Amino acid sequence: MSWTRRHLLTLEELSLAEIEQIHTTATAFKKILGRSVKKVPALRGKTIVNLFLEPSTRTRMAFDMAAKRLSADVISFDAASSSTTKGETLRDTAENIAALGADMIVIRHNCAGSPLYLSKILGIPVINAGDGSHEHPTQGLLDTFTMKEHLGTLKGRRIVILGDILFSRVARSNIHALVKFGADVTLCGPATLVPRPLETLGVKVSHDLRSALADAEVVMLLRIQHERQTATMFPSLGEYTSMFGLNKTRASWLHPKAIIMHPGPINRGVEIDSDLADGDRSVILEQVTNGIAVRMACLYLCAGGSPEAVTPTA
Ligand code: CP
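Residues numbered from 1 in each chain as written. Predicted model: local features only at pLDDT ≥ 70, side-chain atom pairs only at ≥ 80, totals over all residues. Heavy atoms only, no water.

Trainee: Mind showing me how you'd approach the domain arrangement of the protein chain here?
Mentor: Size of an interface, as often reported, equals the accessible area lost when the parts are brought together. Looking at the assigned domains, one finds that the protein chain contains domain 1 (16-136 + 290-309) and domain 2 (138-287). Taking only C-alpha atoms, the centre of domain 1 and the centre of domain 2 are 26 Å apart. Taken together, the 27 residues of domain 1 in the interface contact 27 residues of domain 2. The junction of domain 1 with domain 2 conceals about 2,100 Å² of combined surface from both sides, 55% of it contributed by carbon and sulfur atoms. When the buried surface of domain 1 facing domain 2 is broken down by residue, His23, His136 and Asn290 rank first, second and third, together holding 30% of it. Counting across the domain 1 and domain 2 interface gives 2 salt bridges. For the salt bridge of Lys30 with Glu149, the shortest nitrogen-to-oxygen distance reads 2.9 Å. Linking domain 1 with domain 2 are 21 residue pairs in polar contact (both at pLDDT 80 or more), by the criterion used here. Within the residue set of the side of domain 1 that touches domain 2, elements represented by two or more residues are helix H1 (16-33), helix H2 (58-69), strand S3 (104-109), strand S4 (126-131) and helix H11 (284-302). (Domains from an automatic or database assignment. Contact = heavy atoms within 4.5 Å. Buried area = accessible area lost by both parts, 1.4 Å probe. Salt bridge = Lys/Arg side-chain N within 4 Å of Asp/Glu carboxyl O. Polar contact = N/O pair within 3.5 Å; in protein donor to acceptor, adjacent residues only side chain to side chain. Helix = DSSP H or I, 4+ residues; strand = E, 2+ residues; numbered from the N terminus.)

Trainee: Got a minute to help me understand the sheet that holds strand S7 (residues 204-206) in this structure?
Mentor: Across a sheet, paired strands are connected by hydrogen bonds in the backbone, their directions being either parallel or antiparallel. If you walk across this open sheet you meet the 5 strands as S7-S6-S5-S8-S9, and the pairing is parallel. Of all the strands in the sheet, just S7 and strand S9 (259-261) have a single pairing partner and so form its edges. Within this sheet the neighbouring strands show an average axis-to-axis angle of 20°, counted without direction. Pairing of strand S6 (residues 184-188) with S7 involves 3 bridges; the strand directions are parallel. Counted as the bridge partner of Thr186 is Lys204 from S7. Docked against the sheet, helix H5 (residues 137-151) engages strand S5 (158-162), strand S8 (218-221) and S9, running at close to 170° with respect to S9. Helix-sheet contacts for helix H6 (residues 169-181) involve S5, S6 and S8, and the interaxial angle to S5 is about 165°. (Pairing = 2+ DSSP bridges. Axes fitted to C-alpha atoms, helices over the stretch in contact; angles between N-to-C directions.)

Trainee: So what exactly am I meant to see when it comes to the side chain of Arg223 here?
Mentor: Secondary-structure assignment places Arg223 in the loop between S8 and helix H8 (237-244). By relative accessible area, Arg223 is classed as buried at 19%. If we skip the residues at most four places from it in the chain, Arg223 touches Asp164, His262, Pro265, Asn267 and Glu271. (Buried < 20%, exposed > 50% of the residue type's maximum accessible area, 1.4 Å probe, protein only.)

Trainee: Please explain the site of the ligand as it appears in this structure.
Mentor: Around the ligand, the structure places Ser56, Thr57, Arg58, Thr59, Arg108, His136, Gln139, Pro263 and Gly264. For the ligand, a nitrogen atom lies 2.8 Å from a polar atom in the backbone of Pro263. At 3.2 Å from a nitrogen atom of the ligand is found a main-chain nitrogen or oxygen belonging to Gly264. Burial of the ligand by the protein chains amounts to 92% of its free accessible area of 250 Å². Classifying every residue of the shell around the ligand gives 1 nonpolar, 6 polar and 2 charged. (Near = heavy atom within 4 Å. Areas by Shrake-Rupley, 256 points an atom, 1.4 Å probe, with all protein chains shown as cover. Nonpolar A, V, L, I, M, F, W, Y, C, P; charged D, E, K, R; others polar.)

This is the structure we're talking about:
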């Protein structure tokens, strides 16, 4: 199957075959990242602009690294010192970046739908690096890639996503991918952050932590996203932690070989205790490392790269 998309906007719209194609391409790039020379000339001569209008550490740096490993020129847009502070619109900013010769834009924005909007007005590929509470497709891709490295197939695997689901673009992208893989997904947290209608996405909803975690093979913790909440969703952070924070006792309810995931940034002592975040079952930093190969695959494929050129034939 050849890759036909110019943009990467959501995991909702990707087929299982497309997600697997990104993973296969990422596997090939991960091998390259393990060599002494970690660079390939695949995007030599191309310029990629990271247009981040919201804070980021992992995603922005991983896209930066990914572009550099593919030999592209990469420019990181500095929102604080840009003309957006003088009232320039997203459309004008993006059109000016394209006029300056960018070949691809990676955008993070607090407004859901902004990557889709740019994809319709610009003549260059657009990659969504997180849009409001909507989607964070490359995070969902790197999370499922990491799960597959540990579990093999995801079909029928018991996966719990715990925390602030309502405001989480990471949860939404993971849900769309995991449901396509046939995983058995449970969303857990307070009812205000994990409302029952989320079941329409093909997952289970539970407000009982013990039964949700029982024998789960993956638990993915999510941060409370205060920046997107417009009302008080629970009495206090202390109460949230006492009801839903992952600690040693609660982690003992998981499957003995379960892995603990978190997209970051972590709020230690709130959604997860430090000894678990840093413990043997945590794959949190593996997720970050895998983010480079997965983003290399996304940039490469959306730039028109051929999967066969990097994927060894069977
Ligand atoms: N996981 C994630 O999106 O982290 P950043 O906000 O640091 O990019």
